[in-house]
Amino acid sequence: MMRITPVVKQLLIINIIFFIGTQVVPGTFDLFSMYYPESDKFKLWQPLTHMFMHGGITHIFFNMFALFSFGSALEHFWGGTKFLFFYISCGLGAALLHSTVNYIQIHNLLSEVANLNLSDSDMHLLLNANFQSVFDTEGHLLPSKMKTILEAAHCTQEQFNSIVQAAMLSKIPVVGASGAIYGLLVAFAFMFPMAELGIMFIPIPIKAKYFVPGLLVIDLFLGFKGQSIFGAGSTGVAHFAHIGGAITGFIMMWYWKKNQFKHNRWN
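Note that this is a predicted model, so its numbers are computed, not measured.

Peer 1: Mind showing me how you'd approach the environment of Met 191 here?
Peer 2: Note on placement: Met 191 falls in helix α9 (residues 178–191). A relative accessible area of 12% places Met 191 in the buried class. When the C-alpha atoms of Met 191 and Lys 209 are compared, they prove to be 9.6 Å apart, with 18 residues separating the residues in sequence.

Peer 1: When you look at the packing of helix α6 (residues 120–127) against helix α7 (residues 145–152) in this model, what are you seeing that I'm missing?
Peer 2: When two helices pack together, their arrangement is captured by the angle between the axes and the distance separating the axes. Running from amino to carboxyl end, α6 crosses α7 at an angle of 125°, the nearest separation of the two axes being 10 Å. Taken together, α6 and α7 sit at an angle that is classed as oblique. In this structure, α6 crosses over α7, and the sense of that crossing is left-handed. Touching Asp 122, Leu 125 and Leu 126 of α6 are Lys 145, Met 146, Ile 149 and Leu 150, all from α7. Here the residues of the contact of α6 with α7 sort into five nonpolar, no polar and two charged.

Peer 1: What am I meant to see in the packing of aromatic side chains here?
Peer 2: When we look at a pair of aromatic rings, we describe it by the centre distance and by the angle of the planes. Overall, the coordinates contain 13 aromatic pairs when judged by the stated rule. Taking the centre distance of 5.9 Å and the plane angle of 70° together, the rings of Phe 131 and Phe 160 count as edge-to-face. One end of the pair, Phe 131, is in the loop between α6 and α7; the other, Phe 160, is in helix α8 (residues 157–170), with 29 residues separating them in the sequence. Pair check on accessibility: Phe 131 and Phe 160 agree, each one buried. An aromatic cluster of three or more residues is present, and its members are Phe 70, Phe 77, Phe 188 and Phe 192.

Peer 1: Explanation requested: the packing of helix α5 (residues 80–110) against α9 in the structure shown.
Peer 2: At a minimum axis distance of 7 Å, the contact between α5 and α9 shows a crossing angle of 125°. Taken together, the axes of α5 and α9 are oblique relative to one another. The chirality of how α5 crosses α9 is right-handed. Counting all contacts with α5, which are made through Phe 83, Phe 86, Tyr 87, Cys 90, Gly 91 and Ala 94, the residues of α9 involved are Gly 179, Ala 180, Ile 181, Gly 183, Leu 184 and Ala 187.

Peer 1: How should empty space enclosed by the protein be read in this particular structure?
Peer 2: Gaps left between atoms show up when a probe the size of a water molecule is rolled over them. Within the structure shown, the criterion is met by two cavities of 30 Å³ or more. Approximately 40 Å³ is the volume found for the second largest cavity. What lines the second largest cavity is simply Met 34, Tyr 35, Tyr 36, Pro 37, His 98, Ser 99, Asn 102, Ile 172 and Val 174. When its residues are assigned to classes, the lining of the second largest cavity shows six nonpolar, three polar and no charged.

Peer 1: Would you take a moment to explain the nonpolar core for this structure?
Peer 2: Nonpolar side chains in soluble globular proteins tend to be buried together. The biggest cluster of nonpolar side chains holds 42 residues, and the ones touching the most others in it are Leu 67, Trp 78, Phe 83, Phe 86, Tyr 87 and Leu 184. Put simply, the parts of the chain that give this core at least two residues each are α1 (6–24), α4 (57–78), α5, α9, α10 (208–223) and α11 (240–258). At ten residues, α9 tops the list of elements feeding residues into this core.

Cut-offs used in this document
Residues numbered from 1 in each chain as written. Predicted model: local features only at pLDDT ≥ 70, side-chain atom pairs only at ≥ 80, totals over all residues. Heavy atoms only, no water. Helix = DSSP H or I, 4+ residues; strand = E, 2+ residues; numbered from the N terminus. Buried < 20%, exposed > 50% of the residue type's maximum accessible area, 1.4 Å probe, protein only. Axes fitted to C-alpha atoms, helices over the stretch in contact; angles between N-to-C directions. Parallel < 35°, antiparallel > 145°, perpendicular 65-115°, else oblique. Left-handed = near helix turned anticlockwise from the far one by under 90°. Contact = heavy atoms within 4.5 Å. Nonpolar A, V, L, I, M, F, W, Y, C, P; charged D, E, K, R; others polar. Phe/Tyr/Trp six-rings, centres within 6.5 Å; stacked < 30°, edge-to-face > 60°. 1 Å grid on protein atoms, 1.4 Å probe; cavity = no way out; pocket = protein on both sides within 12 Å on 5 of 7 lines; lining within 4 Å. Points joined across faces, edges and corners; volume = space filled by probe spheres on them. Core = buried A, V, L, I, M, F, W, Y, C linked by side-chain atoms within 4.5 Å.

In short, shape yes, function no, at least from these values alone.
Following this line, the structure appears as structure tokens:
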């Protein structure tokens, strides 16, 4: 069994520190998870810090197990600097694709209320509103700035539903190293295509060049059902982060291989 390499070890420690810290320090989960850019909770550092955040024991365990299993082999051949650059790049690529898909979904919903001619500030208020506290016991809107805006715009029930759906999507935080992990899986398949890998539910070893694409297809399929292989189950949209990490890893490996760069160490 390959020994753990220095950068992989440091990444494991950082992830564990973040995980424990968010359990004991109030407010840190929202501070470091990644939110939709138009959310009041969004911070500039979140595209980076979200990849060190996890939603539970199972989530962090499987991600860290994959980091150790595949990351150590890659760092051994690449060196620490190149490995870290690749890992962070895949995590950022995952965040970019997730944010893009989220943006498209949210603005498709908001296009249904375009004729209301809401100002940017009004739309920002609606997207960040707490819809659980604006209704009375009979389901009527309580007097508030939101109610004033909606009544002035003559908002219909269907349009209000679209606004609520868009607001709910914008409030879902993204956490986990899964995007970066999927980049590592792709890189491993590039570097060691004939290596035989296994998964607990399949007793027959499968070559990496078949295992990794199959894993991606299965995880994306499960993602739309609210499940996952690596990481916690969530919405199908969040699983585009996994695909984003894999695509980023593929592009980088393809470029490095094309330029005969994949065997070069940076340190």
